[in-house]
Amino acid sequence: MEKIVIEGGYKLEGQLPISGAKNAALPLMCAGLLTSGGLTLHNLPHLADIKTLASLLTELGGSLSYQDEGWDIGSGQTVTIAVDSITSTTAPYDMVRKMRASILVLGPLLAREGEAIVSLPGGCAIGNRPIDLHLKAFEAIGATIELKDGYVRAAGKLIGGTVHFPIVSVGATENILMAACLADGTTHIENAAKEPEIGDLANCLVAMGAQISGIGTSHLTVTGVPELHAAEYTVMPDRIEAGSYAIAAAMTGGELELLGGNLPAVMTGTLDILKEAGLVFTETDRGLLARLGSPKIKGINAVTQPFPGFPTDMQAQLMAMMTLCDGASVITETIFENRFMHVPELCRMGADITVNGSTATVRGIGRLLGAPVMATDLRASMSLVLAGLTADGITEVNRIYHLDRGYERLVQKLESCGAKISRQKADLI
Ligand code: EPZ
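The structure presented is a predicted model; accordingly, all values stated were derived computationally and were not measured.

### Focus: the sheet that holds strand β23 (residues 394-398)
Phase 1: With respect to topology, four strands assemble into an open sheet ordered β22-β23-β1-β24, the strand pairing being mixed. Unpaired on one side and paired on the other, β22 (372-374) and β24 (420-425) mark the two borders of the sheet. Taken pair by pair, the neighbouring strands of this sheet meet at an average axis angle of 25°, ignoring direction.
Phase 2: Strand direction decides the pairing type here: β22 and β23, joined by three bridges, are parallel. Across the sheet, M374 pairs through a bridge with N398, a residue of β23.

Spelled out as structure tokens, the structure:
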């Protein structure tokens with residue numbers, strides 16, 4: 001086990017490359033199952049979750065060949081996913097429990113093989129995260145669903161139909177979108193999620209020969225085709241990583257140029273709130289400059305919403321910054337039922353936060369104090385790293401395997417911009 005050790009109080013300045021988006025890369029990799037032609041993905045981030053999914057795809061019959069790329073914009077891995085034939089339609093429990101996004105193999109397997117047996121992912125730290133919306137969507141296009149021994153088996157010939165989501169679901173939208181590409185007939189997906197990662201997936205599927213209209217809107221129309229062909233696609237930049245490092249620049253009183261594609265276009269909800277908090281953004285020819293434009297961080301009211309609202313994946317990081325705000329802030333989490341686990345850890349660093357149901361009230365204090373803290377989930381861990389960067393003294397973040405799931409080369413990136421940060425062997429279990 002390792003920990004991250006940070007000596008707080010150093011300004012972050014310089015250029016920081018933003019990696020390919022984890023939440024785009026994962027569904028894009030699953031799309032590789034839909035064709036025997038081979039799918040080549042560029043700018044794939046070097047992350048634990050990518051490795052976990054790669055091993056699952058191999059288990060299902062895929063063979064993956066890699067080529068590493070450097071540090072510049074659009075860096076990351078290039079991988080070709082070749083699935084000449086599916087050799088297994090089962091995603092086993094020990095793989096799915098490690099990474100719930102494995103559920104995204106269900107739609108492609110069902111579409112290509114007429115059957116998918118996937119372990120129920122179970123809950124995780126931030127909520128019980130059911131998959132009922134995924135399953136109802138598959139039934140709406142002809143699949144039969146049965147649950148047995150902790151697995152879901154979906155089977156049948158897919159016929160175009162109408163899928164209406166009662167609530168917005170990123171994963172369910174992605175799953176049904178992939179399956180509908182090979183269904184017989186046209187599928188309408190209503191109240192589809194509009195996160196940019198879904199646009200990335202849809203654009204990649206179109207490059208593979210899928211017929212999709214309404215991309216970027218909440219109504220997607222998919223006309224099934226007999227098969228999809230080979231394609232190449234570049235993963236979009238990670239808007240959550242970019243937002244996290246913009247906050248790092250503001251909290252340390254520095255300035256960072258975030259290097260990546262057209263970040264503002266995919267960061268709307270995030271930029272609105274961060275600007276309200278006093279951050280100033282300037283577009284450059286290589287990316288986006290971020291710094292705090294006011295003497296102190298301004299208090300805000302933020303409510304997490306589906307895109308284009310303020311993203312739930314930025315909530316913990318925003319809260320870390322609001323611990324230092326002028327006055328008070330109110331942050332309401334509407335997407336997940338248990339996404340405030342960073343609160344007790346931030347309070348151990350001196351933060352003044354009270355939680356009442358899904359709302360946290362954060363009263364600004366002068367300084368955070370370094371302390372040993374425990375990461376509980378991916379974004380909570382980033383929240384603690386951000387707090388450590390500005391706290392007085394030393395902060396040790398334990399259980400950083402959570403961080404490795406979603407932040408590529410975090411220590412190297414922060415160190416290169418002036419942070420006093422390192423990975424060390426953990427003494428806490
Ligand atoms: C995706 O999770 C992301 N993960 C999450 O990012 C992100 O927080 C979430 O979307 C919301 O934006 C990936 O893309 C791999 P949902 P997903 O289905 O698809 C409920 C991170 O930190 N729901 O949009 O699982 C669900 O419980 C991760 O990178 C059902 O009730 O999220 C939640 O309350 C964390 N039934 C809400 O919908 C279902 O069948 C939104 O979930 C599915 C979801």
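What follows picks up the thread again.
### Overview of the sheet that holds strand β8 (residues 144-148)
Phase 1: Across the sheet, four strands lie side by side as β6-β7-β9-β8; this open sheet has mixed pairing. Whereas interior strands pair on both sides, the edge strands pair on one side only; in this sheet they are β6 (90-91) and β8.
Phase 2: As defined by bridge partners, β6 adjoins strand β7 (residues 115-119) across two bridges and the pair is classed as parallel. Opposite A91, over in β7, you have V118 as the bridge partner.
Phase 3: Across the sheet, helix α4 (residues 106-113) lies against β7 and β9 (151-155), angled at about 155° from β7, the strand it touches most.

### Some words on the site of the ligand
Phase 1: Near the ligand, the surroundings consist of 22 residues, among which D132, L133, S169, D313 and I335 are the closest.
Phase 2: Contact between the ligand and K22: an oxygen atom at 2.9 Å from a side-chain N or O atom of the residue.
Phase 3: Within the side chain of R129, a nitrogen or oxygen atom sits 2.9 Å from an oxygen atom of the ligand.
Phase 4: Surface burial for the ligand is 85%, taken as the share of its 820 Å² of free accessible area covered by protein chains.
Phase 5: At the level of elements, α1 (22-31), α5 (132-140), α6 (170-180) and α13 (378-390) are the ones that each hand at least two residues to the shell around the ligand.
Phase 6: Top contributing element to the shell around the ligand by residue count: α5, with three residues.
Phase 7: Residue composition of the shell around the ligand, by class: 11 nonpolar, five polar and six charged.

### Thoughts on the nonpolar core
Phase 1: One finds V105, L205, M321 and L410 to be the most contacted residues of the largest nonpolar core, which totals 150 residues.
Phase 2: For this core, the element with the most residues is helix α8 (residues 239-252), which contributes nine residues.
Phase 3: When residues no more than four places from it in sequence are discounted, the contact partners of L205 are A31, L34, L177, M178, C181, A210, I212 and L228.

### Considerations on α1
Phase 1: Across the 10 residues that make up α1, a large majority, nine, are buried.
Phase 2: Regarding α1, the residues found buried are K22, A24, A25, L26, P27, L28, M29, C30 and A31.

### Some words on the packing of α6 against helix α7 (residues 196-207)
In helix packing, the relevant descriptors are the interaxial angle and the interaxial distance, both defined with respect to the helix axes.
Phase 1: Packing of α6 against α7 leaves a shortest axis separation of 10 Å and a crossing angle of 10°. Taken together, the axis directions place α6 and α7 in an arrangement best described as roughly parallel. Of α7, the residues touching α6 (which contributes V170, T173, E174, L177 and M178) are E197, I198, L201, A202 and L205.
Phase 2: Split by residue class, the contact of α6 with α7 holds seven nonpolar, one polar and two charged.

Rules of the game
- Residues numbered from 1 in each chain as written.
- Predicted model: local features only at pLDDT ≥ 70, side-chain atom pairs only at ≥ 80, totals over all residues.
- Heavy atoms only, no water.
- Pairing = 2+ DSSP bridges.
- Helix = DSSP H or I, 4+ residues; strand = E, 2+ residues; numbered from the N terminus.
- Axes fitted to C-alpha atoms, helices over the stretch in contact; angles between N-to-C directions.
- Contact = heavy atoms within 4.5 Å.
- Near = heavy atom within 4 Å.
- Polar contact = N/O pair within 3.5 Å; in protein donor to acceptor, adjacent residues only side chain to side chain.
- Areas by Shrake-Rupley, 256 points an atom, 1.4 Å probe, with all protein chains shown as cover.
- Nonpolar A, V, L, I, M, F, W, Y, C, P; charged D, E, K, R; others polar.
- Core = buried A, V, L, I, M, F, W, Y, C linked by side-chain atoms within 4.5 Å.
- Buried < 20%, exposed > 50% of the residue type's maximum accessible area, 1.4 Å probe, protein only.
- Parallel < 35°, antiparallel > 145°, perpendicular 65-115°, else oblique.

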